[in-house]
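Listed here are the chains, written in short residue letters.
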Amino acid sequence: MNSPSSSLGSFLDYSTARRIHTLAAFLFIPLLYVHATAGLAIALKRARALKSKRAQKAVLGMWTALVAVLLLLALVPRGSSPLPGSVSASNSTSVGLTLEEVAKHSTENDCWVVIGNDVYNVTSLIDTHSGGREAIIAYCGTNATEVFFSKHDQSAYEVLQSYYVGSIGNSSQGSFETGAKGDREKEEREDD
């Protein structure tokens with residue numbers, strides 16, 4: 001994911017750069033607010049209709065309320081709403097599936113993939129996938145764990161969670177770092 005033409009690309013991956021950029025944008029919001037408020041206060045003092053202190057305070061109060069509402073709206077997590085054909089992981093219980101059941105969903109109009117031990121209905125992602133349609137269609141109805149983790153980062157994995165259908169067998173969630181969900185729990189059971 002690093003750009004070879006970038007001097008930062010050798011030690012700063014895309015997801016880290018994106019997080020830094022987002023954080024930097026939020027640092028400039030207070031500066032923008034302070035400077036815009038100062039400019040508005042100067043303009044209010046020059047306006048004949050708003051020469052009174054009470055009118056100026058009212059306008060500045062409305063400005064502050066507007067900025068606060070916009071900032072709150074920007075900070076509220078948007079949570080991806082499931083698209084048609086997908087099931088949100090937070091709204092579903094873990095459904096035990098088999099690889100044979102997943103294999104039945106192997107067309108571009110009905111595409112399920114296995115990542116780790118979890119099954120995802122990625123049909124609605126086919127037309128919007130940045131790697132192209134064929135990158136997903138080739139894995140419909142199969143276990144795509146290895147190729148998924150070799151080409152995607154944490155943010156792609158988080159997006160994938162809104163397409164969760166169920167799990168193969170009765171596995172639990174593991175972590176992204178393991179490369180497959182459920183690996184830690186399996187190792188813990190073997191140790192017992």
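Rules of the game
Residues numbered from 1 in each chain as written. Predicted model: local features only at pLDDT ≥ 70, side-chain atom pairs only at ≥ 80, totals over all residues. Heavy atoms only, no water. Phe/Tyr/Trp six-rings, centres within 6.5 Å; stacked < 30°, edge-to-face > 60°. Helix = DSSP H or I, 4+ residues; strand = E, 2+ residues; numbered from the N terminus. Buried < 20%, exposed > 50% of the residue type's maximum accessible area, 1.4 Å probe, protein only. Core = buried A, V, L, I, M, F, W, Y, C linked by side-chain atoms within 4.5 Å. Contact = heavy atoms within 4.5 Å. Disulfide = S-S within 2.5 Å. Pairing = 2+ DSSP bridges.

(A) Summary view of the packing of aromatic side chains. In the structure shown here, the tally under the stated rule is 5 aromatic pairs. Between Y33 and W63, the aromatic rings sit 6.4 Å apart at their centres with planes inclined by 10 degrees, giving stacked as the arrangement. Of this pair, Y33 sits in helix 1 (residues 14-46) while W63 sits in helix 2 (residues 53-75), placing them 30 residues apart in sequence. Under the relative-accessibility criterion, Y33 is labelled partly exposed at 25%. Their ring planes at 40 degrees and their centres at 5.7 Å tell us that F149 and Y157 sit as a pair that is tilted. Taken together through their ring pairs, the aromatic side chains of F148, F149 and Y157 make up a single cluster.

(B) Structural context of the nonpolar core. Formed by 16 residues in total, the largest nonpolar core has its most connected members in C111, V113, I115, Y120, V122, I136 and L160. For this core, the secondary structure elements donating two or more residues are strand 3 (110-115), helix 4 (133-137) and helix 6 (154-160). Apart from the residues lying within four places of it in its own chain, the contact partners of V113 are D118, V119, Y120, V122, Y139, C140, T142 and A144. L97, V102, W112 and V119 belong to the second largest nonpolar core, which has 6 residues in total.

(C) Structural view of the state of the cysteines. Under the defined criterion, the tally for this structure stands at 1 disulfide. A disulfide bridge connects C111 with C140, and the sulfur atoms are separated by 2.1 Å. Since a negative S-S torsion denotes a left-handed disulfide, the C111-C140 link at about -100 degrees is left-handed. In this pair, C111 is assigned in strand 3 and C140 in the loop between helix 4 and helix 5 (145-151), connecting sequence segments 29 residues apart. Residue C111 shares its accessibility class with C140, and that shared class is buried.

(D) Structural detail: the sheet that holds strand 1 (residues 96-97). Sheet architecture is open: 5 strands sit in the order 1-5-4-3-2, paired in mixed fashion. Two strands lie at the open edges of the sheet, namely strand 1 and strand 2 (106-107), each paired on one side alone. As judged from the 2 bridges shared by strand 1 and strand 5 (residues 164-168), these two strands associate in the parallel manner. Across the sheet, L97 pairs through a bridge with I168, a residue of strand 5.

(E) Main features of the pairing of strand 5. Of all 5 residues that make up strand 5, 4 are buried, and the element is covered over most of its length. Bridge analysis of strand 4 (residues 118-121) against strand 5 gives 3 bridges, and the strand direction is antiparallel. Paired with Y120 across the bridge in strand 5 is Y164.

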